[in-house]
Amino acid sequence: MHRLLQTPLHWQILAALVLGALSGLLLGETVLPVTFMGDLFLRALRMVIVPLIVTSIICGVSGLGASGNMGRLGAKTLAFYTISSLLAIVTGLLLANLVQPGVDADLGLQQQPENLAHSIERFGTSPWQALLRLVMDMVPTNPIAAMANGDMLQVIVFALLLGVFISRTPDALRQPLEAFFQGSFAVMMGITHFVLAFAPLGIFALVARTVATTGLEVFAGLGFYALTVFLGLVVHSCVTLPAILFFFGRTSPVRHAQAMSPALLTAFSTSSSSATLPLTLDSLENRAGISNRVTSFVAPLGATVNMDGTALYECVAAIFIAQAYGLELSFAQQLLVVVTALLASIGAAGIPMAGLVMISVILTAVGLPLEGVGLILAVDRVLDMCRTTVNVWSDSCGAAIIANFEGETHHTARA
Ligand code: ASP
């Protein structure tokens, strides 16, 4: 038993993933009683997220010192997020036009979508309304309420402000505050490690449940669509991002992927960038050796706004729906799909199925029937697992690239 616990975490998680899939497949729904372990693990991860992010950001940002540094880091981070998401969307756009998964797809167009009224009400009907809403939603009217509700973007904005203004207070006041938050961050990392020790059990249960409750028949009629999304995700994560990482990040993609493996496997099993965040932070700092200064800024923000996998998926899904309804999208409409897919991926929360709900923003902007979302529901869970993995991979690549631009050398840097 003791030997088993000494196996590196990523092997434990991988074994749990395979065993979970096998149990779900062989035992079917009889495996469901153990799935409480999965929910327990997710609850424990959610428990650490807010205090971990707040203390991590405050330590990272107050350590940046003068706010000039902060602006430079922020600009680089946002540039990476935008460029990588746009590259993902263009990959999806090209593939969807090439494969044409929706043309002649046999979907029996009568399925009903989930209730989408809430997201439409929240994000409005035009891309500009969606953008305005996004900016508006970033400013918390009550930071404590934002933390209590787990409204991550608002929590991040407030923590950034705290970090910046702590660094600007006179030494006598700043030092005890910094010591307090550094101590708190160390304690939160300790709790996170404790929770992560249970990752294999939680992941076993989550994967077993997904496999036991999703049959292969969901792929009927949606096979080409699912394949197109999958292919796009593979191209983006195995070609585009590694190339950027290699040339601009001076980092070995293979070593970086190895370092990030606990986070990537957890993203795949939980379908949630936010729930994976504790592992992303831990893998970046302790396995890839990237400084807390860069990690604490790039990873939490990335988990909330940088979602390459989701952006690509949004684009393919919107075009698939148009094709399934026999509608030809003009060049201007496809451009609108690109812009709104970017906004939808920024606006999507890092939780399971958030991307599916956000498709309504694109459909409304382009004038496609909202019922289209109902068409792709069946395969969403599987695609969610894959796109979430790409979302987390992109955040981690961003951290390595920005660390390189900041003149840091980390463990996964190439020779
Ligand atoms: N589940 C994804 C994530 O957490 C978001 C999405 O649904 O696309 O990153």
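Relevant structure appears above.
I will try to describe carefully the structure that is included in this document.

Description of the overall build of the protein chain
Move 1: A count of helical and extended segments in the protein chain gives 19 helices and zero strands.
Move 2: Here the C-alpha radius of gyration of the protein chain, 21 Å, is about what a compact globule of 415 residues would show, namely 22 Å.
Move 3: Put simply, the protein chain has 415 residues, and 55% of those count as buried.
Move 4: Here the analysis covers contacts within the protein chain between residues at least 6 apart in sequence; of these, 85% occur between residues at least 24 apart.
Move 5: On the protein chain, the mean spot of the 17 positive side-chain charges and the mean spot of the 22 negative ones are 13 Å from each other.

Notes on the site of the ligand
Move 1: With respect to spatial proximity, 16 residues lie near the ligand, and among them Ser 273, Thr 310, Gly 355, Asp 384 and Arg 387 are the closest.
Move 2: At a separation of 2.3 Å, an oxygen atom of the ligand approaches a polar side-chain atom of Ser 273.
Move 3: When isolated, the ligand has an accessible area of 270 Å², and the protein chains bury 100% of it.
Move 4: For the shell around the ligand, the secondary structure elements donating two or more residues are α17 (354-366) and α19 (380-405).

Overview of the packing of helix α8 (residues 152-167) against helix α14 (residues 292-305)
Move 1: Viewed as axis vectors pointing N to C, α8 and α14 meet at an angle of 155 degrees, and their least axial separation amounts to 9 Å. In terms of their interaxial angle, α8 and α14 are classed as roughly antiparallel. α8 and α14 meet at a crossing whose hand is left-handed. Contacts from Met 152, Leu 153, Ile 156 and Leu 160 of α8 reach α14 at Phe 297, Pro 300, Leu 301, Thr 304 and Val 305.

Side note on the packing of helix α13 (residues 273-287) against α19
Helix packing for two helices is described by the angle between their axes and how far apart those axes are.
Move 1: Running from N to C, α13 and α19 point in directions that differ by 35 degrees, and their axes come no closer than 11 Å. Crossing angle aside, the handedness with which α13 passes α19 is right-handed. Of the residues in α19, those touching α13 at Ser 273, Thr 276, Thr 280 and Leu 284 are Thr 388, Asn 391, Val 392, Ser 396 and Ala 399.
Move 2: Looking at the contact of α13 with α19, its residues break down into three nonpolar, six polar and no charged.

Section: the side chain of Asp 282
Move 1: Within the secondary structure, Asp 282 sits in helix α13.
Move 2: The buried charged residue Asp 282 lacks any salt bridge partner; its closest oppositely charged side chain belongs to Arg 287, at an N-O distance of 6.8 Å.
Move 3: A distance of 2.7 Å separates a polar atom in the side chain of Asp 282 from a polar atom in the side chain of His 193.
Move 4: A polar side-chain atom of Asp 282 sits 2.5 Å from a polar atom in the side chain of Asn 286.
Move 5: In this structure Asp 282 touches Met 189, His 193, Leu 196 and Arg 287, once residues within four positions along its chain are discounted.

Parameters and conventions
Residues numbered from 1 in each chain as written. Predicted model: local features only at pLDDT ≥ 70, side-chain atom pairs only at ≥ 80, totals over all residues. Heavy atoms only, no water. Helix = DSSP H or I, 4+ residues; strand = E, 2+ residues; numbered from the N terminus. Rg over C-alpha atoms; globule rule 2.2 N^0.38 Å. Buried < 20%, exposed > 50% of the residue type's maximum accessible area, 1.4 Å probe, protein only. Contact = heavy atoms within 4.5 Å. Lys, Arg positive; Asp, Glu negative; His and termini not counted. Charge placed at Lys NZ, Arg CZ, Asp CG, Glu CD. Near = heavy atom within 4 Å. Polar contact = N/O pair within 3.5 Å; in protein donor to acceptor, adjacent residues only side chain to side chain. Areas by Shrake-Rupley, 256 points an atom, 1.4 Å probe, with all protein chains shown as cover. Axes fitted to C-alpha atoms, helices over the stretch in contact; angles between N-to-C directions. Parallel < 35°, antiparallel > 145°, perpendicular 65-115°, else oblique. Left-handed = near helix turned anticlockwise from the far one by under 90°. Nonpolar A, V, L, I, M, F, W, Y, C, P; charged D, E, K, R; others polar. Salt bridge = Lys/Arg side-chain N within 4 Å of Asp/Glu carboxyl O.

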